Structure formats: C-alpha cells, structure tokens
Amino acid sequence: MEIIIQPDGQQASQIAARIVAKIVREKPHAVLGFATGNTPLQLYKNLVRMHRESDLDFSGVSSFNLDEYVGIPPAHPSSFHSYMWAHLFSHLNIAKERINIPDGLTADIPAYCRHYEQAIRSAGGIDVQVLGIGTNGHIGFNEPSSSLSSRTRIKTLTEESRLDMAAGFGGQEGVPTHVITIGLGTIMDSRMCLLLAFGKKKARAVARTVEGPITAMIPGSVLQMHPRTVLILDKDAASELKMADYYTWVYEHKPDWQKY
Ligand code: GLP
C-alpha cells in the first residue's frame, strides 16, 4: 500500500485527480470505478475543471459505480444516480451508454448482479477504482463480515451506516435497509485502488485498514492484499497511523519517475 498524507482534503484531491487524469490520458478507453459520498466530491470537481480547461477527454471512457440503494428510483435526490449526474457525469463528455450504476429497482437482483459483474469483465476490467471508507471500515457497501472474495450482490446496511446516511433521507428511519454493491473480490480485481479518507471520523477505520490485521470485520483491510493500492489521506484521517512519519518520508523521497 502507498499512503500519502496531505495537509487537507483539497491537496489530497488534487493528487487523486492527477492519478485519474494520467490513466485517462494514457488509456483513452479506460474503465473508471467511481464512488459516492462527501469524500470524492473535490476529486470530481478537479476532474471537471481539468476536462474544461485542458484536453482531458472522457469520450472513450467507461464507468462503473460501486453501489446503489435498493428500492430507490434513480431520480430520488439521494440516489447514487442523482449524485453522480449532479457532481460528475453532466459535466464531462462521457458517453451515456458507457455509464454503469447498479439499478436499485431491478426485479431480479441476483440476475442483475451477475450481469453487472459480466459488464465489468466485458469492458476489460476496472483500471482504477475510486474508494471512500465508512466509519466502520466498509468499502463500497461491503459491511463488516462481508466475504473478502465477495462479488456484486445485495447487502443489508448496518445501523452505523444507516445513521451515517441519515441526512439524505430525513433521518435514519428513512434510509433504505438494502443496497446492491460490487463485492470485495470485484474491487480486488481492479488494476488500481485509490482510497480517499478525510477527517478525524475516519482515523480509526483508516488505521485498522492499513495497520490492522486483514479481517472481514474491517472490509477495507482486504486492500493490504492488493498489489496497487494508494491511500490519500488528510492529516486528521491519518492521525491514528503508527507509521505516519515513515509514510510521509517515503512520499517525500519518491524518485521523480514515480511521482504523480
Ligand atoms: C457510503 C458509500 C461508500 C463511501 C462511504 C463514505 O457508504 N457506499 O462508497 O465510501 O459512504 O462516505 P463519505 O465519503 O460521505 O464519508
């Protein structure tokens, strides 16, 4: 794992945007895995700005989102469909037919999940998977106890996650109980994982993900087994890391050819 600690989320998101942009420039038909939540908002703003101000072209790109609520129509203001169109897709020249977000209204969830996995494979696999992390260590919506080799499927949200999502649904009671999420095995198949985490609230989950044992109780910890995972953190999210000084030293002493 590469751990990059930045003074704030703004600077962290600039590095993240440079990483995604480099992949798109090198591979115009790249397959991008997107996440929702507050954390990647600044990354998406940067990508939109780079698209407007430079030659960053998304016309050949495909995308797959991590997850969606079950039973929530795409037009619901708190659906992940609405989020992605509001913050990213409406502002890029990405082809609509190559955008994939799980369908929370599908009638046959198991068949749909198999189809989603197949669509990722047919597109050539995910080149870079953007990830946030839940306060309980979930990635995507793979809640604690998720199989480390899980594929796209329905999951039941924990109370903690439903509490974290309460604002978008007028309180915890309104938060859907189920989601469709790509699995930990699906995430592990991505060529690169790019996990962002900002704020004190994430410090414990980050420390357990990076420095704790690999365990289904902290789903993010499976990334220790991934050959190419980069975590970009702000100071607060890094505050419980025991080896923070070492990670900072490593980043500052990267050879030029390795810099983002
Ligand atoms: C949800 C999403 C995750 C996201 C997490 C953290 O659970 N399914 O993909 O990483 O929220 O959200 P935030 O970035 O708002 O803290």
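Preceding this paragraph is the structure being described.
The paragraphs below set out a description of the structure included in this document.

Criteria and thresholds
Residues numbered from 1 in each chain as written. Predicted model: local features only at pLDDT ≥ 70, side-chain atom pairs only at ≥ 80, totals over all residues. Heavy atoms only, no water. Axes fitted to C-alpha atoms, helices over the stretch in contact; angles between N-to-C directions. Helix = DSSP H or I, 4+ residues; strand = E, 2+ residues; numbered from the N terminus. Parallel < 35°, antiparallel > 145°, perpendicular 65-115°, else oblique. Contact = heavy atoms within 4.5 Å. Nonpolar A, V, L, I, M, F, W, Y, C, P; charged D, E, K, R; others polar. Buried < 20%, exposed > 50% of the residue type's maximum accessible area, 1.4 Å probe, protein only. Polar contact = N/O pair within 3.5 Å; in protein donor to acceptor, adjacent residues only side chain to side chain. Salt bridge = Lys/Arg side-chain N within 4 Å of Asp/Glu carboxyl O. Patch = residues over 30% accessible without salt bridge, like charges linked within 9 Å, V, L, I, M, F, W, Y side chains within 5 Å. Areas by Shrake-Rupley, 256 points an atom, 1.4 Å probe, with all protein chains shown as cover. Near = heavy atom within 4 Å.

**Brief notes about the packing of helix 2 (residues 41–53) against helix 3 (residues 80–87)**
Their axes nearest at 10 Å, the elements helix 2 and helix 3 cross at an angle of 40°. Our classification of the angle between helix 2 and helix 3 gives oblique. Contact residues: helix 2 offers Leu41, Tyr44 and Val48, while helix 3 offers Tyr83, Met84 and His87. Its residues assigned to classes, the contact of helix 2 with helix 3 shows five nonpolar, one polar and no charged.

**A short note on the side chain of His226**
Here His226 lies in the loop between helix 7 (203–211) and strand 10 (229–234). The class of His226 is buried, set by a relative accessible area of 3%. From its side chain, His226 meets the backbone oxygen of Ser190 in a polar contact 2.7 Å long. Side-chain polar atoms of His226 contact the backbone nitrogen of Arg228, separated by 2.9 Å.

**Examining the pattern of salt bridges**
Taken as a whole and judged by the stated rule, the model has 10 salt bridges. Between Arg49 and Glu53 there is a salt bridge whose closest N-O contact spans 3.9 Å. Note that Arg49 and Glu53 are positioned in helix 2 at a spacing of four residues, about one turn of the helix. Under the relative-accessibility criterion, Glu53 is labelled exposed at 61%. Ionic pairing is found between Lys259 and Asp256, a salt bridge with its closest N-O pair at 3.1 Å. Looking at Asp256, the relative accessible area reads 63%, which means it is exposed.

**So, a nonpolar patch on the surface**
Side chains of Met243, Tyr246, Trp249 and Val250 sit close together on the surface and give an oily, nonpolar patch of about 430 Å² of accessible area. Summarising the element assignment, Val250 is placed in helix 8 (residues 244–252).

**Here we look at the site of the ligand**
Surveying the vicinity of the ligand reveals 13 residues, the closest of which are Asn38, Thr39, Asp67, His138 and Lys202. Between the ligand and Asn38 there is a distance of 2.8 Å, counted from an oxygen atom to a backbone nitrogen or oxygen. A distance of 2.7 Å is found between an oxygen atom of the ligand and a side-chain nitrogen or oxygen belonging to His138. For the ligand, the accessible surface in isolation is 390 Å², of which the surrounding protein chains cover 90%. Across the shell around the ligand, the residue classes tally to four nonpolar, seven polar and two charged.

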